[in-house]
Amino acid sequence: MIKMLQQIAILTALIFLVSCSLPPEQPVTRKMLKTSGVYRAYKIDESPEEVLNALNAEGEVVLKALEGNRPVFIKILATAEGLQVTSYDR
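Rules behind the numbers
Residues numbered from 1 in each chain as written. Predicted model: local features only at pLDDT ≥ 70, side-chain atom pairs only at ≥ 80, totals over all residues. Heavy atoms only, no water. Salt bridge = Lys/Arg side-chain N within 4 Å of Asp/Glu carboxyl O. Helix = DSSP H or I, 4+ residues; strand = E, 2+ residues; numbered from the N terminus. Buried < 20%, exposed > 50% of the residue type's maximum accessible area, 1.4 Å probe, protein only. Arc of directions from axis to C-beta. Contact = heavy atoms within 4.5 Å.

A. Molecular detail of the pattern of salt bridges. Under the criterion given, the structure shown has four salt bridges. Among the salt bridges present, the one from Glu60 reaches Lys75, with a minimum N-O distance of 3.5 Å. On the criterion of sequence distance, the pair formed by Glu60 in strand S2 (residues 60-67) and Lys75 in strand S3 (residues 70-79) is long-range, its members being 15 residues apart. Overlapping salt bridges bring together Glu67, Arg70 and Asp89 as one network.

B. Region of the structure containing helix H4 (residues 48-58). Those residues of H4 that fall on the buried side of the exposure criterion are Val51, Leu52 and Leu55. The buried residues of H4 occupy an angular sector of 100° when projected down its axis, which confines them to one face. For H4, the secondary structure elements touched by its buried residues are helix H2 (30-36), helix H3 (38-41), S2, S3 and strand S4 (82-89). Where H4 terminates, the next one or two residues include Gly59, which has phi positive at roughly 90°.

Remember that the coordinates give geometry; whether it matters functionally is a separate question.
Structure representation (structure tokens):
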């Protein structure tokens, strides 16, 4: 019984370690980032090149930004359908 629980715990840990972010199938372009409107809707300190590098390496990026005067986190996810942008209060 204990041996089986240890195997289940090891398997669960391996699944969590392997389930990290993956780069997108198609590289994200500057045009895709521009058409998402993220730089018009939010004040972001990172340059578009930094965001593109992170998206193409990891498939997602979380940024600190301002929406008007309200501080938010922005999550940009590169999917097969395009960029998915969501924001959360800080």
